[in-house]
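Okay, here's what each chain looks like letter by letter:
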Amino acid sequence: MVSRGCNGSLLTAHGSLFAEEITYALRITHYALRITDLNPSPTPQLNTHAGEIVQLSGAELVGLMQAVLETGAQFRFRARGMSMMPFIHDQDVVTVAPLQQRAEVGDVIAFVHPQNQKPILHRVVERDAHGYWTQGDNSAAPDGWIPATAVVGVIVAVEREGRVVRFGLGPE
């Protein structure tokens, strides 16, 4: 169970975090983070041990990802779903980095869908000054217009069974 600090602030982490997402359950494998209401720091930290699974809702997963990315660190987790096949398969390990500049057409971004508030990893197929038109490589229809404010980060690496997956500009 994940709790928030007494001031209600989001979870934060320092350094790189590797987590496995299993229907929004994270298995912390590298860094032990701390979260406690007794923490005098204004930013609580997740208190876990290596190998422990932390159950998170989609909103909590996004909150943790945003908090980690705000520190400048990358966030790694095991992706679920088939909408980005053949580039990203179900259970691939995906690394999300902070967006340093506007995403380009062909980039795969992590965002919160404005209609259903779910975290999604899809490819940018068009952009303008205010947002992005995105679509999964294996999706028949686009997601619609995604405002730039909904973007959490950009995918910088994908690993499948311990091997790096080559990046491309469309369905691989």
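From a predicted model like this one, the values you see are computed outputs, not experimental measurements.

**Q** Would you mind going over unusual backbone geometry with me for this structure?
**A** The bulk of non-glycine residues show a negative phi, and the bulk of peptide bonds are trans. The omega torsion across Met85 and Pro86 is 10°, close enough to zero to call that bond cis. By secondary structure assignment, the location of Pro86 is in the loop between β4 (75-78) and β5 (93-97). Here Gln117, not a glycine, exhibits a phi torsion of approximately 60°, which is positive. For Gln117, the position within the fold is in the loop between β6 (108-112) and β7 (119-127). You will see that Glu161, though not glycine, has its phi angle at about 55°, which is positive. Examined against the element boundaries, Glu161 turns out to sit in the loop between β10 (151-160) and β11 (163-164).

**Q** I would appreciate a short explanation of the pairing of β10 in the present structure.
**A** Moving residue by residue along a regular strand, the side chains alternate between the two faces of the sheet. As defined by bridge partners, β5 adjoins β10 across 5 bridges and the pair is classed as antiparallel. If you follow Val93 over to β10, its bridge partner there is Glu159. The sheet contact formed by β6 and β10 spans 3 bridges and is antiparallel. When the sheet's bridge partners are listed, Phe111 is paired in β10 with Val151. Remark: 2 residues form the turn of the hairpin made by β10 and β11, two consecutive strands paired antiparallel; Glu161 in that turn has positive phi of roughly 55°.

**Q** Honestly, the pattern of salt bridges in this entry has me stumped. Any pointers?
**A** Once the charged atoms of two side chains with opposite charge are near each other, the side chains can pair. The final tally for this structure, using the stated rule, is 5 salt bridges. A salt bridge links Asp90 to Arg80, with the shortest nitrogen-to-oxygen separation between them at 3.1 Å. Taken together, the residues Asp90 in the loop between β4 and β5 and Arg80 in the loop between β4 and β5 connect sequence positions 10 residues apart. The partly exposed category is assigned to Asp90, whose relative accessible area is 31%. Residues Arg160 and Asp92 are paired through a salt bridge, measuring 2.8 Å at the closest nitrogen-oxygen approach. Placement of Arg160 in strand β10 and of Asp92 in the loop between β4 and β5 is noted, with a sequence separation of 68 residues between them.

**Q** I would appreciate a short explanation of the layout of surface pockets in the present structure.
**A** Using a probe with the size of a water molecule, rolled over the atoms, empty space left in the structure can be pinpointed. In this structure, the largest pocket encloses a volume near 350 Å³. When contributions to the lining of the largest pocket are tallied by element, the ones reaching two or more residues are α1 (58-70), β6 and β7. The leading source of residues in the lining of the largest pocket is β7, at 4 residues.

**Q** Sorry if this is basic, but what is going on with α1 here?
**A** In an α-helix, one full turn covers 3.6 residues, which means residues spaced three or four apart are oriented alike. Taking 1.5 Å per residue, 13 residues should reach 18 Å; α1 reaches 18 Å between its end C-alpha atoms and fits that length. Of all the residues in α1, the buried ones are Gly58, Leu61, Val62, Gly63, Leu64, Met65, Ala67, Val68 and Leu69. A positive backbone phi angle near 95° is found at Gly72, which sits one or two residues after α1.

**Q** Looking at this structure, I do not really get the nonpolar core. What am I missing?
**A** Note on soluble globular proteins: their nonpolar side chains tend to be buried together. If you look at the biggest cluster of nonpolar residues, it comprises 23 residues, and the most contacted ones within it are Met65, Phe75, Ile88, Val96, Leu121 and Ile155. Among the secondary structure elements, those contributing two or more residues to this core are α1, β4, β5, β6 and β10. The dominant element in this core, judged by the number of residues it contributes, is α1, at 6 residues. Apart from residues no more than four positions distant in its own chain, Ile88 is found in contact with Ala79, Val94, Val108, Val158 and Arg160. If you look at the next biggest cluster of nonpolar residues, it comprises 10 residues, including Ile109, Phe111, Tyr132 and Val151.

**Q** Would you mind going over the environment of Lys118 with me for this structure?
**A** Position of Lys118 relative to the elements: it lies in the loop between β6 and β7. Expressed as a C-alpha distance, the spacing of Lys118 and Ser57, which sit 61 residues apart in the sequence, is 9.7 Å. Once you skip the residues sitting within four places of it in the chain, Lys118 turns out to touch Phe111, Val112 and His113.

Rules used throughout
Residues numbered from 1 in each chain as written. Predicted model: local features only at pLDDT ≥ 70, side-chain atom pairs only at ≥ 80, totals over all residues. Heavy atoms only, no water. Helix = DSSP H or I, 4+ residues; strand = E, 2+ residues; numbered from the N terminus. Pairing = 2+ DSSP bridges. Salt bridge = Lys/Arg side-chain N within 4 Å of Asp/Glu carboxyl O. Buried < 20%, exposed > 50% of the residue type's maximum accessible area, 1.4 Å probe, protein only. 1 Å grid on protein atoms, 1.4 Å probe; cavity = no way out; pocket = protein on both sides within 12 Å on 5 of 7 lines; lining within 4 Å. Points joined across faces, edges and corners; volume = space filled by probe spheres on them. Expected span 1.5 Å × (residues − 1). Core = buried A, V, L, I, M, F, W, Y, C linked by side-chain atoms within 4.5 Å. Contact = heavy atoms within 4.5 Å.

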